[in-house]
Amino acid sequence: MIPSICLALLSGDNTGTRTLSAASYTNTTGMTVESCLSFCSSGANSYIYAGVEYAQECYCGNFFASGASNVSMSDCDMTCTGNASEFCGAGNRLNVYWSGAQPPASPIIVPSVGNWTSLGCYRQRGPWHMAWGVTGQVTVESCTAACQGAGYQYAGVEYADECYCGMTVDNGSGPMPASDCGMTCAGNSSEYCGGPNRLNLYNYTGSLTTTGNTGGGGGTGTSLFVIPSLSGNWTYAGCYVDNANGRVLGDELDSNAMTVENCVAHCTADGFTIAGLEYSTQCSPDSDCNMACGGDATEACGAGNRLSVYTSTGNVTILPVPTALTSGLPGQWVYQGCLSEPAPGSHYFPYENDWTNNNTVEACLNQCAAFGYPAAGLEYGEQCFCGDISDVVDNNGAFVSDSECNMPCSGDPIHLCGANNLMSTYYWNGTMNVWHTPENIGRYEFLIGGLVVPLLATVGINNKVTFLEKYPTSEFANSTGAYELDISLVDNYLLAWREMHVKSDVFCSGSIILPDKGARQINVGGWSLESTYGVRLYTPDGRPGVNGTNDWEENYDELALQRGRWYPTAMLMPNGSILVVGGETGSNGPPQPSLEVLPKPPGGDTVITLDYLQRTDPNNLYPFLMVLPSGRFFIGYYNEARILDPVTFDTVTVLPNMPGAVNNFLGGRTYPMEGTAVLLPQHAPYTDPIEILICGGSTPGAAIALDNCISITPEATNPTWTIERMPSKRVMPCMVTLPDGTYMILNGAHQGVAGFGLASDPNLSALLYDPSQPVGQRISILNTTIVARLYHSEATLLPDGRVLVSGSDPETNYPNGTAVYPEEFRIEFTIAETDWALGGHYSIVVTLYQGTTSTMRVSLVAASSSTHGNVMSGGRIIFPAFSCSGNTCTITAPPNAFVCPPGWHQLFVLDGPTPSHSAWVRIGGDPAQLGNWPDYPDFTKPGV
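Residues numbered from 1 in each chain as written. Predicted model: local features only at pLDDT ≥ 70, side-chain atom pairs only at ≥ 80, totals over all residues. Heavy atoms only, no water.

## Digging into the sheet that holds strand E36 (residues 510–513)
Strand order in this open sheet of 3 strands is E36-E37-E38, and the pairing throughout is antiparallel. Two strands bound the open sheet, and with one partner strand each, they are E36 and strand E38 (535–538). The average undirected angle you get between the axes of adjacent strands in this sheet is 20°. Sheet topology note: the E36/strand E37 (residues 521–524) ladder contains 4 bridges and is antiparallel. In the strand pairing of E37, Ser511 is matched with Asn523. (Pairing = 2+ DSSP bridges. Helix = DSSP H or I, 4+ residues; strand = E, 2+ residues; numbered from the N terminus. Axes fitted to C-alpha atoms, helices over the stretch in contact; angles between N-to-C directions.)

## What to know about the environment of Gly840
Here Gly840 is to be found in the loop between strand E62 (835–836) and strand E63 (841–847). Setting aside its immediate chain neighbours within four residues, Gly840 contacts Ile891, Thr892 and Ala893. (Contact = heavy atoms within 4.5 Å.)

## Notes on the sheet that holds strand E41 (residues 594–598)
Consider a sheet: its strands pair through backbone hydrogen bonds, and that pairing is either parallel or antiparallel. Ordered by their spatial adjacency, 4 strands build an open sheet running E39-E40-E41-E42, and the pairing between neighbours is antiparallel. Looking at strand neighbours, the two that pair on one side only are strand E39 (569–572) and strand E42 (608–609), the edges of this open sheet. Pairing of E39 with strand E40 (residues 578–581) involves 4 bridges; the strand directions are antiparallel. Across the sheet, residue Ala570 finds its bridge partner in E40, namely Val580.

## Considering a nonpolar patch on the surface
Side chains of Leu451, Tyr493 and Leu494 sit close together on the surface and give an oily, nonpolar patch of about 300 Å² of accessible area. As for its placement among the helices and strands, Leu494 is situated in helix H6 (residues 493–496). (Patch = residues over 30% accessible without salt bridge, like charges linked within 9 Å, V, L, I, M, F, W, Y side chains within 5 Å. Areas by Shrake-Rupley, 256 points an atom, 1.4 Å probe, with all protein chains shown as cover. Salt bridge = Lys/Arg side-chain N within 4 Å of Asp/Glu carboxyl O.)

## Topic: the packing of aromatic side chains
Going through the model one piece at a time under the given rule, you end up with 22 aromatic pairs. Feature note: the residues Phe507, Trp527, Trp566, Tyr567, Tyr622, Tyr671, Phe756 and Tyr791 constitute an aromatic cluster, connected by ring pairs. Directly above the aromatic system of Tyr612 lies the positively charged group of Arg642, at a separation of 3.9 Å from the ring centroid. (Phe/Tyr/Trp six-rings, centres within 6.5 Å; stacked < 30°, edge-to-face > 60°. Lys NZ or Arg CZ within 6 Å of the ring centre and 35° of its normal.)

## Brief notes about the state of the cysteines
Counted by the stated rule, this structure contains 14 disulfides. Paired by a disulfide, Cys884 and Cys889 hold their sulfur atoms 2.0 Å apart. Measuring handedness by torsion sign, the sulfur bridge of Cys884 and Cys889 sits at about 105° and is right-handed. Using a relative accessible area of 30% as the deciding quantity, one classes Cys884 as partly exposed. With no disulfide partner, Cys263 has as its closest neighbouring cysteine sulfur the one in Cys267, 4.4 Å distant. Among the residues examined, Cys267 registers a relative accessible area of 8% and is labelled buried. (Disulfide = S-S within 2.5 Å. Buried < 20%, exposed > 50% of the residue type's maximum accessible area, 1.4 Å probe, protein only.)

Okay, structure coming up:
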């Protein structure tokens with residue numbers, strides 16, 4: 001084939017005429033240029049032209065229809081559904097390929113066939129009967145023969161592969177220009193077989209001898225009759241007029257042996273109670289239904305625009321002519337009118353739902369409103385679009401007469417849902433989303449150059465940040481896989497970084513902070529082979545300005561997981577032991593749909609398989625794990641969630657599926673469709689049920705990032721997800737808990753999924769989520785960065801209240817870290833006792849520079865490690881009770897390990913919105929005695 005040109009279809013889809021009309025097929029998932037060329041040049045198809053259109057359609061032919069013109073190749077810009085590296089035309093645009101062969105002789109209007117004489121090209125109107133035995137490979141010869149055999153005076157070929165017979169030519173079926181009948185016959189490309197609503201019409205000039213037809217004014221034969229009764233309570237209901245305001249019965253059976261009985265059987269099988277043979281809205285005399293059935297010439301099968309109607313219930317309900325729904329609308333929706341789309345195949349609103357059987361105005365408006373879209377449009381009867389009013393206003397959208405939106409809704413036949421390329425349009429009258437733009441939007445500042453692209457970031461109790469990265473698979477040959485950053489020395493690059501070491505590859509592992517005296521960091525899992533079983537420990541030492549000497553400790557022969565895990569999640573349980581869940585057996589390996597506990601319980605294999613992780617692989621990696629105030633565990637994976645028993649790990653409650661995109665309920669929230677999740681704040685006296693917030697994610701297939709956050713109170717009666725729209729789409733976001741109980745959302749992309757090079761269009765903006773505000777008004781838009789932070793970026797709360805932003809996919813070439821300063825002033829306080837018992841009382845002395853202790857707040861932010869947007873403490877923040885006398889304040893520690901699992905926390909004091917530098921406190925001790933584990937000489941045991 002000679003390389004393609006791009007053709008504009010000037011008489012294209014709007015009229016139905018095809019530039020290449022001989023043969024065609026559609027493949028919505030696997031169309032390629034090669035498969036189209038093969039189809040058009042093999043088997044029964046032997047054509048010199050092949051064309052691909054609209055990403056998924058293939059057309060063949062030996063001739064171009066008139067009106068097609070050569071346009072710029074840039075117009076053909078849709079990639080093929082089966083090969084994204086190839087172009088397959090566009091809307092009303094064909095990439096056309098030529099075999100190099102010369103076309104055969106031009107097709108002709110066959111002047112005569114035997115006693116049949118051509119009358120030319122006619123408009124298709126009148127009481128025609130389709131000769132069902134001649135479909136598919138139609139020719140003029142086969143059609144005229146079929147109509148002569150059935151006893152008809154006239155034969156007509158239409159739309160390349162349809163044959164019609166009739167006894168009269170209706171007054172409205174006048175002759176049309178020959179060019180209107182420009183489609184070649186499916187069975188013979190040298191002949192013309194009509195066009196859309198156009199017939200090449202032939203008249204029989206001989207004597208008709210067949211007696212099978214009795215309808216419509218010609219021939220002789222037996223009388224037609226209706227069937228008075230049929231099986232299953234079906235009875236004749238009368239002759240009805242069809243097509244007065246569109247077709248009245250939507251389900252159609254085409255058969256070359258149509259009878260009343262097989263039509264009724266078809267409608268019964270599909271669950272319908274009305275059956276009509278050939279056309280209905282108003283009653284008409286039975287004598288109007290005067291055409292014989294194709295499969296039984298003694299039975300009446302309606303006529304042109306007439307239906308012989310049968311019912312199984314004894315009733316036929318006549319519906320009114322459909323109208324636009326303009327009153328009784330849900331919420332604050334207001335009808336705007338009939339909006340013309342910008343061009344065939346393109347749409348103003350970006351999100352499309354196709355509801356072939358249940359589209360209604362109310363359902364569409366409710367769907368758009370639920371996901372925060374204030375503009376909705378219904379099109380083609382079955383399509384529901386959601387978007388913003390600005391989509392129309394900014395593109396100079398034009399409304400046309402309401403009468404042009406004339407297609408009934410697929411789920412509500414008495415109301416209109418647009419038409420082809422026309423939308424019945426509705427706007428929300430009011431403000432649907434309140435996104436604040438505060439005066440102080442924070443700022444990004446360069447902190448220090450990075451050594452590597454870190455995969456995991458953890459703030460230690462020595463107030464330094466440890467980073468782990470791929471090793472020995474790093475793109476940097478001299479990387480040791482682990483580094484520690486001293487924030488107090490960032491002005492001196494050489495002194496700020498301390499080189500550390502790991503023994504196996506931590507690529508896509510999981511980490512948490514232990515509750516032992518040393519606040520050790522534990523890292524589990526890894527990339528492949530032995531590293532997937534890895535258990536690594538580091539005890540932070542040193543202090544700001546003074547290097548530590550401790551390093552990561554690991555010995556596969558002494559301490560290992562029971563199962564190899566890549567992309568696992570770890571969580572500290574209320575009893576002080578460690579839960580490790582999920583992952584895969586190695587890099588892109590089979591799923592590891594199970595959980596295990598560290599330290600390993602006594603006995604043999606104690607791994608528990610989780611069927612729901614098996615079922616949802618590979619979309620459930622790095623599942624979200626959180627301890628609930630009841631002591632039970634929340635687990636979120638892919639687009640599902642449930643509550644687990646803390647002892648047996650059995651499912652206690654299956655929660656509703658997480659909402660995804662407005663047009664795709666299969667959108668996911670965990671890797672690789674990666675979103676991020678946190679627990680919302682807990683306040684003394686801890687009687688309010690806790691909420692979980694999940695933001696961002698992506699969709700399968702097209703990988704369009706999600707533009708919403710969802711929240712749930714999992715232990716409420718009949719819990720449901722609340723949807724809040726974000727100002728922009730975001731996959732691979734990071735969410736960090738701030739000392740004042742708000743959450744910063746940043747990093748990620750507008751499109752794609754997690755992985756190397758699998759996302760595009762970086763999201764450079766930062767958001768602030770404030771759960772103290774009403775739903776729908778919780779998001780503020782903060783500053784933007786110039787650095788793309790995609791795969792393997794992290795955001796970490798520092799002890800001084802800043803957020804450290806680090807890392808990104810190596811393919812972005814932005815390895816340097818940056819920092820966000822959400823506040824400017826700092827408070828001072830001193831604390832003597834940092835090892836707190838649950839429910840205990842502990843004193844601090846504060847010095848405030850702006851407010852008083854009456855407006856002061858105290859927060860406890862759980863120590864955490866984050867990777868891939870997964871904060872493995874759940875981002876827990878607690879606002880404990882406290883009282884003050886002068887500048888001495890007494891804090892009451894949380895009451896139990898369900899509200900506050902044992903571990904280390906950053907204690908912040910807030911003077912208004914301004915946080916202090918934090919102090920580290922341990923709450924709840926070390927109930928599992930992890931400080932004495934593992935009992936090997938090459939591991940540090942800091943004590944309990």
